[in-house]
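Analysis of the macromolecular model
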Amino acid sequence: MSDSNFKNGPIRRRGIMLILSSPSGAGKSTITRDLLLDKSLDLTLSISVTTRPRRSSEVDGIHYHFKTKQEFERLRVSDDLLEWAEVHGNFYGTPRSIVEDKIEQGKDVIFDIDWQGTQQVRKKAPKDVVTIFILPPSMEELRSRLERRAEDAADVIAKRLENARNEIERWKMYDYVVVNDDLQRALGEVKAILIAERVKRTRSQDAIEDYITKLLQG
Ligand code: 5GP
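Since we're looking at a predicted model, the values are computed, not measured.

1. Thoughts on the overall build of the protein
Each helix and strand counted, the protein has eight helices and nine strands in total. Relative to a compact globule of 218 residues, whose C-alpha radius of gyration would be 17 Å, the protein shows 18 Å and is just as compact. A burial count over the protein gives 42% of its 218 residues as buried. Across the protein, the fraction of contacts at a sequence separation of at least 24, relative to all contacts at a separation of at least 6, is 69%. Of the roughly 12,100 Å² of accessible surface on the protein, a fraction of 51% belongs to carbon and sulfur atoms. Side chains of the protein give 37 positive and 36 negative charges; the mean places of these two sets differ by 1 Å.

And the structure:
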């Protein structure tokens, strides 16, 4: 690949796979949305495929690609998914090719996926992955956020709360932990993580060598 394909600074690097996980209701979707709205960050969202029914606020192709179980199975069998998992009784997966293209081009991609998917992506691309676990300020707040959202049926909310404890126990698997008790602070922390990771020496070792060789010749 030629240097001109990299548009992310004077020192070329591969894109980062920035994975955000949390129990539902911890505010991860809001953080993700705000990161995407900040154009200076130049992030691309990985849009998952899912067999979950669409919520009234969701748009097919923007929030998810909504699929039947058969369609999902076809993608899975043909190895078109970078990772996939069953979460709260539905299937979710990450389309592979778009993510791989972006990362090759040096573009950073943000993922909103669970701990099972995080484990799979980390195994496949250990050097490209940065993982952040978002925690709610309290279990009470988690419950009230899920109820306030009022888009899921009571039994679905109950199931998500039950699963939350299991998900929270996975925190040790993540590189960073951010508590979302104050959205602006949490958002600032996630941005700081991304910006620092972009200039990490080990991410661009060869490119830094080249840069310094040229620099010292000048
Ligand atoms: P929701 O149904 O609330 O949109 O998402 C439920 C859970 O599924 C969230 O924890 C979310 O991060 C996770 N999820 C969404 N897309 C994917 C995916 O492509 N892969 C995996 N492994 N989990 C996902």
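2. As for the pairing of strand 8 (residues 129–135)
Both faces of the sheet carry side chains from a regular strand, because those side chains alternate between them. Counting buried positions along strand 8 yields seven of seven residues, so the element is predominantly enclosed. With burial as the criterion, each face of strand 8 is covered, one bearing V129, T131, F133 and L135 and the other bearing V130, I132 and I134. In the sheet, strand 1 (residues 17–21) pairs with strand 8 via five bridges, with the strands oriented parallel. Looking at the pairing, I19 lines up with T131 of strand 8. Of the strand pairs in this sheet, strand 8 and strand 9 (residues 176–179) are connected by four bridges, and their pairing is parallel. Bridging across to strand 9, F133 finds its partner in V177.

3. Brief notes about the sheet that holds strand 1
Spatial ordering of the open sheet is given by 2-7-1-8-9, a layout of five strands whose pairing is parallel. If you trace the sheet from one side to the other, it starts and ends with strand 2 (43–45) and strand 9, each paired once. The mean angle between the axes of side-by-side strands here comes to 25 degrees, regardless of whether they run parallel or antiparallel. Bridging between strand 2 and strand 7 (residues 108–112) involves three bridges; their strand directions are parallel. Residue L43 lies in a different strand from strand 7, and its bridge partner there is D108. Running over the sheet, helix 7 (residues 183–198) touches strand 1, strand 2, strand 7, strand 8 and strand 9 and is turned about 160 degrees from strand 9.

4. Points about the side chain of N180
Note on placement: N180 falls in the loop between strand 9 and helix 7. The buried category is assigned to N180, whose relative accessible area is 5%. Those residues in contact with N180, other than ones at most four positions away along the chain, are A26, G27, I31, I134, L135, P137, R145 and A186.

5. Topic: the site of the ligand
In the vicinity of the ligand there are 18 residues, among which S48, R52, Y64, Y92 and D112 approach most closely. At 2.7 Å, a side-chain N or O of S48 approaches an oxygen atom of the ligand. Measuring from an oxygen atom of the ligand, one finds a backbone N or O atom of G93 at 3.1 Å. Assessed atom by atom at 2 Å from the grid points, the ligand resides in the largest pocket. Elements with a contribution of two residues or more to the shell around the ligand: strand 5 (81–87) and strand 6 (90–95).

6. Considering helix 7
Compared with an ideal rise of 1.5 Å per residue, which puts 16 residues at 22 Å, helix 7 spans 23 Å between its outermost C-alpha atoms and is within 8% of the ideal. Residues of helix 7 that are buried include every one of A186, L187, V190, I193, L194, E197 and R198, and no others. One side of helix 7 holds all its buried residues, which, seen down the axis, span an arc of 135 degrees. Looking at the packing, one finds that the buried side of helix 7 touches strand 1, helix 1 (28–37), strand 2, strand 7, strand 8 and strand 9. With a side-chain oxygen positioned 3.0 Å from the backbone nitrogen of Q184, the residue opening helix 7 is D182.

Thresholds, definitions, all that
Residues numbered from 1 in each chain as written. Predicted model: local features only at pLDDT ≥ 70, side-chain atom pairs only at ≥ 80, totals over all residues. Heavy atoms only, no water. Helix = DSSP H or I, 4+ residues; strand = E, 2+ residues; numbered from the N terminus. Rg over C-alpha atoms; globule rule 2.2 N^0.38 Å. Buried < 20%, exposed > 50% of the residue type's maximum accessible area, 1.4 Å probe, protein only. Contact = heavy atoms within 4.5 Å. Areas by Shrake-Rupley, 256 points an atom, 1.4 Å probe, with all protein chains shown as cover. Lys, Arg positive; Asp, Glu negative; His and termini not counted. Charge placed at Lys NZ, Arg CZ, Asp CG, Glu CD. Pairing = 2+ DSSP bridges. Axes fitted to C-alpha atoms, helices over the stretch in contact; angles between N-to-C directions. Near = heavy atom within 4 Å. Polar contact = N/O pair within 3.5 Å; in protein donor to acceptor, adjacent residues only side chain to side chain. 1 Å grid on protein atoms, 1.4 Å probe; cavity = no way out; pocket = protein on both sides within 12 Å on 5 of 7 lines; lining within 4 Å. Sits in = over half its atoms within 2 Å of the grid points. Expected span 1.5 Å × (residues − 1). Arc of directions from axis to C-beta.

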